[in-house]
Amino acid sequence: MEMAGTKSRLTWAVNLTVGFLVLLWIIPTFGLLVSSFRDRDAISTSGWWTALSASEQNAIVRADAPDSAKPDGDAWVITGNVSEGEGGQITAFGITSREPVAFAPGEVATHKRGQQITVEANGDYRITYPEKPSGSRGQRLFVRAEAPPSFTLDNYREVLFAEGMGKALLNTLTVTIPATIIPILVAAFAAYALAWMEMPGRALLIAGVVGLLVVPLQVAFIPLLKLHNNIGIGKGYLGIWLAHTGFGLPLAVFLLRNYMVGLPGEIIESARVDGASDFAIFRKIILPLSFPALASFAIFQFLWVWNDLLVAKVFLGTGEDQAVMTGRIVDLLGSRGGDWEILAASAFVSIAVPIAVFFSLQRYLVRGLLAGSVKGG
Amino acid sequence: MNQLLFAVSTIVVGVFGCVAYFYFSNILLDRVFPAKGPNAGTNINKANAIRPWLFLLPALLVLGLYLVYPVFSTFVLSLQDTRGSFIGGENYTWLAGDGKFRESLGNNLLWLVIVPAASTFFGLVAAGLTDRIKWGSVAQSLIFMPMAISFVGASVIWKFIYDYRGENQGEQIGLLNAIVEGLGGTAYAWITMPFWNNIFLMIILIWIQTGFAMVILSAALKGISEETIEAAYLDGASPLQIFFKIKIPQIWGTIAVVWTTITVTVLKVFDIVFAMTNGQWGTQVLANLMYDWMFRGSPDFGRGSAIVMVIMLLVTPVMIWNISNAHKENR
Amino acid sequence: MKLGFYASAAAMALTAGLTAGTAQADGHLKFAPGEGAFSWDSYESLKAQELSGQKVTIIGPWLGPDKELVESVIAYFEEATGAEVEYSGSDSFEQQIVIDTEAGSAPNIAVFPQPGLAADLAAKGLLSPLPDGTADWLRENYAAGDSWVDLGTFEGPDGNDALYGFFYKVDVKSLVWYVPENFEDAGYDVPETMEDLKALSDQIVQDGEVPWCIGLGSGGATGWPATDWVEDMMLRINTPEEYDAWVSNELPFDDPKVIAAIEEFGAFARNDDYVSGGAGAVATTDFRDSPQGLFASPPQCYMHRQASFIPTFFPDGTEVGLDADFFYFPAYAEKDLGKPVLGAGTVWGITKDSEAAQAFMDFLKTPIAHEVWMAQRGFLTPHTGVNTEVYTDPTVAKMNDILLNADTFRFDGSDLMPGAIGAGVFWTGMVDYAGGKDAGEVASSIQSTWDSIK
């Protein structure tokens, strides 16, 4: 009984801790998600957490032009609605920027030029001019309105249906898939050699791989592009696959070797005794057992290539047949940036595929096929 | 459609090419040094000496070409001025005297201490706990999400956290300041706060890297054999004891891997600082300083390259640590 | 109609943008040849050159709507000559052009937002000099042609000066944006002199309001708006010659004259009463968010000094000329320095020479290349041969007048300084200064960096 009690209390504690951690981790992203459904003005004037509830906002609305006033008895009148039928309760209004909330709905304000202005709670306004007014510049009405939560799909529409986005998606996949698979293959063999084959200078090679992890990509661009140009690859898919393979390889070798070195030596030894070649051992024992490590590296490499813009800009051409999604999205933003609503929507558009990859590979992040006998790295 | 065909066929050719290389090169090796006949003994020895290099060759070629060669040319560049003439160690002496460089070095060391530790810790906690609950894989995906979000997305996300609006500039759109004001405090321009702004930037990287640590550690935790755990459990060990006394020692190697990888990421950290502060208000780091000199306005590859060499030098202790780990494994 | 209530205007703007994009993809010309006040004869004369099958690649900093605009101009060149032009924009233009030219995969033509980088590439031999006669053409056809020739002339790899850069599309920076109706409501007049501007600022403070919105934030380029302020102030308290000397560092950065200009900026930006959010908010407020304060209800500020491109960041549906307007950032009446104007522009240079690339550069000389963009939006030009009737937007025409009538026109100094200064310590130094550091201290640290790169 007591055992069970402790256990369930512990389970509760675990659930709560994980819940708290998850909350902490997704709140920032959630803010972006909410923002992706808001328009730019709303994003830069109020916090995303306020978007979920009705809020009181001050707004400036321009009434119809004086030219359009219609005669009404002796006076000339313009009528309309400040919210254009979108609802929202007016709680105060004003007619100058100095006193934007001087009047309650229904009260009559008199402009210094003589016209009388009133705004009703439902947003209907009425401007009465004593004489026929002229001019095309409408009167500004300042209102404080109870605005219902307002969301828009426009940001997503703009990103998803942008010209060339479908083609760009295809291009991105063309870059990403080989750039994920090739380094895994190359690295897996190298990792096996570094983990289980006797050779001189092994430790130095391992250290070298760690050292190469730290090379900032920026320094590699010019010499490599020069090289590609000299050997005739130029800018294109082949070049970017090779580049991503090179840049991803140190991490791949490092992760895989460390996983493989933790695999049980007895199995490998007994296979050797049975006369299996290294190639056979690698294919039949190491690869299946290393699936969790292969899958996790595949996830990271996929993510990195998927979200990359820099390497693509350098090693791929810019024409339509080679433009990647990240590049198209940057094109949607203005030259001076700051279109946060588009950034937010595109972040969620581009996260969809990596998350799907993560989900589909997540089930491979489990015990190796020979569960139980693996002792972990 | 053509392109899809092209992509698919290159994938097939590439993958099969790789596999074929390994397969046939091995067969060839066995033919050249057959493990039978009069010289069987020496042949086996010879083949065993060569085989690792067959396995390593493609990786070494790619690494050599795509990373070692650029590092070498960077070193050469670091000894040159903007016009490409040799100036010896002048760029390095300039570095030693540069205030921004010293500031960056100090900040980088701070990053190196805090970020790998915090990310690994949170990753371990997340991996250890999500393993035990029903909605574990959902929780993992959510914690992993920051990793998957594009960098531009992440920078907007944190703008909505750290943003500051002064008095009369309207309501706060940064969550942190909204909370502070909600609690009755006064808003603050967080990213200009001396020293602490570094921490605020680090939080972003920790937030991203925890997902990485979690995935790797979770795979390692799942690799621990159930029998050991079962046995300990029957001996009456509490779950906490099992975690700290049995699981942690077994995945120690993986923790080292995660720590190393995040350390290296920290040395290269550039995007976050670039987008949030561009190194102002005392937040400069080496990689951003390097970028400034290499690509800003009038590029000075010499100075930029000298900074890169310093970054590479900083990783040496981690390399040495990994060599000694590798020696231990050789048993 | 609306100034920022619900979001339908945004949706309309969106659809408009999308359709414009598709129209261009079809290769249709924005304005049908032969119609309107355009200089169509200059378009017809382009047809003399047959360039079918040739390709020109261009890389530049313009993205999004700006990219569509530049492509609408390019379409006329393609249509007339048969050449194919591929323009691509980059958000990290500086890095990309450096990598591409150094590695030998340069585009034919690069559009530099700052002349400094172009000068650097020229010195390394990565730019081709423009054809002979271009300089003479500029002198004859650009207002203040000599200064445009000087700005585009760089030292080549052989140490000899040559004309490498051609200016096309210019921005005026000495503008103060305001909401005319807010001025009317409060009874303020547009100031004609710097003295009046300061008096107006004080008046606004006395009325319990805040005169200025200033934001220096710009991600990786934080601080640049402050450099524009300082440059404008340099031209208002010192002579143009001293300005030139400052830009070339003959007048050291820590000279009292320069420090005085920095402090003139500080008189605005470091005065808690003058700026929305207080001086502490200046450095962190994003320059793109900054103008929003003009349109708040009640207004958070009354004036915003920024270049001619800023209406992009006004709230959706804002009509320039009606909802917002600008006036010339005035000069001191007591200092006899005329009406100086600060500007900037994009420099086009040939990074990989070809017949078609040269033809394209010739195309930029034709009035039609200017008029097509002028007739849309946001394009100013010193080209005197264009028909200014094509301006559909009276405010842009007004800006062009400011440009053409300037007593003194000076190019953005930070763009002309070496990158490490003008796109480096000058920015960061100004952020430090706005944060409370002493002007003299900031100036001498900028000067010491300048000394270190000589």
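Residues numbered from 1 in each chain as written. Chains lettered and ligands numbered in written order. Predicted model: local features only at pLDDT ≥ 70, side-chain atom pairs only at ≥ 80, totals over all residues.

J.: I'm lost on the overall build of chain B in this one. Help?
T.: Scanning chain B from N- to C-terminus turns up 15 helices and zero strands. A compact globule built from 331 residues would reach a C-alpha radius of gyration of about 20 Å, whereas chain B, at 26 Å, exceeds it by more than 25%. If one aligns the C-alpha atoms of chain B with their principal axes, the spans along those axes are about 90 × 70 × 50 Å. For chain B, buried positions account for 47% of its 331 residues. Contacts in chain B between residues at least 24 apart in sequence constitute 65% of all its contacts with a sequence separation of at least 6. (Helix = DSSP H or I, 4+ residues; strand = E, 2+ residues; numbered from the N terminus. Rg over C-alpha atoms; globule rule 2.2 N^0.38 Å. Buried ≥ 20, exposed ≤ 12 C-beta atoms within 10 Å, placed from the backbone. Contact = placed C-beta atoms within 7 Å.)

J.: Looking at this structure, how should I read the overall build of chain C?
T.: Looking only at helices and strands, chain C features 19 helices and 11 strands. For 454 residues, the compact-globule estimate of 2.2 N^0.38 gives 22 Å, and the C-alpha radius of gyration of chain C, at 22 Å, lies within 12% of that figure. With the principal axes as the frame, chain C shows a C-alpha extent of 65 × 55 × 35 Å. When each of the 454 residues of chain C is scored for burial, the buried share is 55%.

J.: Just checking my understanding: could you explain the domain arrangement of chain B for this structure?
T.: Residue and element names in this part refer to chain B. Entries for chain B in the domain assignment read domain 1 (2–77) and domain 2 (97–330). Each of domain 1 and domain 2 was reduced to a C-alpha centroid, and the two centroids are 35 Å apart. Counting residues at the interface gives four residues for domain 1 and six residues for domain 2. The residue inventory of the side of domain 1 that touches domain 2, partitioned by class, reads three nonpolar, one polar and no charged. (Domains from an automatic or database assignment. Nonpolar A, V, L, I, M, F, W, Y, C, P; charged D, E, K, R; others polar.)

J.: Mind showing me how you'd approach the domain arrangement of chain C here?
T.: One frequently used descriptor of interface size is the decrease in accessible area upon assembly of the parts. Residues and elements named next belong to chain C. Parsing chain C into structural domains produces domain 1 (8–172 + 344–410) and domain 2 (175–342 + 414–452). Taken together, the contact between domain 1 and domain 2 spans 22 residues of the former and 23 residues of the latter. Secondary-structure elements contributing two or more residues to the side of domain 1 that touches domain 2 are helix 1 (8–25), helix 5 (115–123), strand 6 (166–172), helix 16 (394–404) and strand 11 (408–411). The greatest single-element share of the side of domain 1 that touches domain 2, amounting to five residues, is contributed by helix 16. In the side of domain 1 that touches domain 2, the residues fall into 14 nonpolar, five polar and three charged.

J.: How should the nonpolar core be read in this particular structure?
T.: Generally speaking, soluble globular proteins have nonpolar side chains that are buried together. By size, the foremost hydrophobic cluster in this structure holds 329 residues, and its most contacted members are A:Ala187, A:Ala190, A:Tyr192, A:Val253 and A:Leu256. The biggest single contributor to this core is helix 4 (residues 165–196) of chain A, with 18 residues. Discounting residues that sit within four places of it in the chain, A:Ala190 has contacts with A:Val253, B:Phe55, B:Leu56 and B:Ala59. Listed in part, the 20 residues of the second largest apolar core include A:Ala69, A:Val82, A:Ile90 and A:Val119. (Core = buried A, V, L, I, M, F, W, Y, C linked by C-beta atoms within 7 Å.)

J.: What is the right way to read the confidence of the model for chain C from this model?
T.: Close inspection of predicted coordinates is inappropriate in any region flagged by low pLDDT. Residue and element names in this part refer to chain C. Per-residue confidence for chain C gives a mean pLDDT of 87; residues scoring 70 or more make up 94%. Counted against residues more than four places away or in other chains, residues 1–26, with its pLDDT under 50, gives 48 contacts. Two numbers describe this predicted complex: its pTM, 0.88, and its ipTM, 0.88. (pLDDT = per-residue confidence, 0-100.)

J.: Is there a simple way to think about the sheet that holds strand 5 (residues 109–110) of chain A in this case?
T.: The strands making up a sheet are joined through hydrogen bonds of the backbone, oriented either antiparallel or parallel. Reading across from one edge, 2-3-7-6-5 (chain A) is the order of the five strands in this open sheet, with antiparallel pairing throughout. The two strands at the open ends of the sheet, each matched to only one other strand, are strand 2 (70–72) and strand 5 of chain A. (Pairing = 2+ DSSP bridges.)

J.: How should I be thinking about the sheet that holds strand 4 (residues 89–94) of chain A in this particular structure?
T.: All names here are of chain A. The strand order 1-8-4 describes an open sheet built from three strands, whose pairing is antiparallel. The open sheet has two free edges, formed respectively by strand 1 (55–62) and strand 4, since each of these has just one partner strand. With direction set aside, neighbouring strand axes in the sheet form an average angle of 25°. Inspection of the sheet shows strand 4 paired to strand 8 (residues 140–147) by five bridges, in the antiparallel sense. (Axes fitted to C-alpha atoms, helices over the stretch in contact; angles between N-to-C directions.)

J.: What is the right way to look at the interface of chain B and chain C in this model?
T.: Facing the 22 residues of chain B at the interface are 30 residues of chain C. Only helix 12 (271–276) and helix 13 (286–295) of chain B provide two or more residues apiece to the side of chain B that touches chain C. Each residue belonging to the side of chain B that touches chain C can be placed in one class, and the counts come to eight nonpolar, nine polar and five charged.

J.: Whenever I open this one, the interface of chain B and chain A confuses me. Can you help?
T.: Each side of the interface is counted separately: chain B has 99 residues, and chain A has 97 residues. No other element matches helix 2 (residues 40–77) of chain B, which puts 16 residues into the side of chain B that touches chain A. Broken down by class, the residue content of the side of chain B that touches chain A amounts to 67 nonpolar, 24 polar and eight charged.

J.: I keep staring at helix 7 (residues 145–152) of chain C and nothing clicks. Help me out?
T.: For helix 7 of chain C, the full list of buried residues reads C:Trp148, C:Val149, C:Leu151 and C:Gly152. Down the axis of helix 7 of chain C, the buried side of the element spans an arc of 165°, and every buried residue falls inside it. (Arc of directions from axis to C-beta.)

J.: Please explain the packing of helix 12 (residues 256–269) of chain C against helix 19 (residues 439–452) of chain C as it appears in this structure.
T.: A pair of packed helices can be characterised by two numbers: the angle between their axes and the separation between those axes. Residues and elements named next belong to chain C. At a minimum axis distance of 9 Å, the contact between helix 12 and helix 19 shows a crossing angle of 130°. Regarding the angle of helix 12 to helix 19, the classification is oblique. For the pair helix 12 and helix 19, the sense of crossing is right-handed. Residue-level contacts link Val258, Ile259, Ile262, Glu263 and Gly266 of helix 12 to Ala439, Gly440 and Ala443 of helix 19. Residues that form the contact of helix 12 with helix 19 fall into these classes: five nonpolar, two polar and one charged. (Parallel < 35°, antiparallel > 145°, perpendicular 65-115°, else oblique. Left-handed = near helix turned anticlockwise from the far one by under 90°.)

J.: Hey, could you run me through unusual backbone geometry in this one?
T.: Trans peptide bonds make up most of the peptide bonds, and negative phi angles are found at most residues other than glycine. Residue and element names in this part refer to chain C. The amide bond that connects Ser297 to the next residue, Pro298, takes the cis arrangement and shows omega of -5°. Summarising the element assignment, Pro298 is placed in the loop between helix 13 (279–282) and strand 8 (303–305). The phi angle at Lys169 is positive, at roughly 80°, despite the residue not being glycine. Mapped onto the elements, Lys169 comes out in strand 6. With 23 C-beta atoms counted inside 10 Å, the residue Lys169 sits in the buried group. Although it is not a glycine, Asn249 adopts a positive phi angle of roughly 65°. You can see Asn249 is positioned in the loop between helix 11 (240–247) and helix 12. With 15 C-beta atoms packed within 10 Å, Asn249 lands in the partly exposed category.

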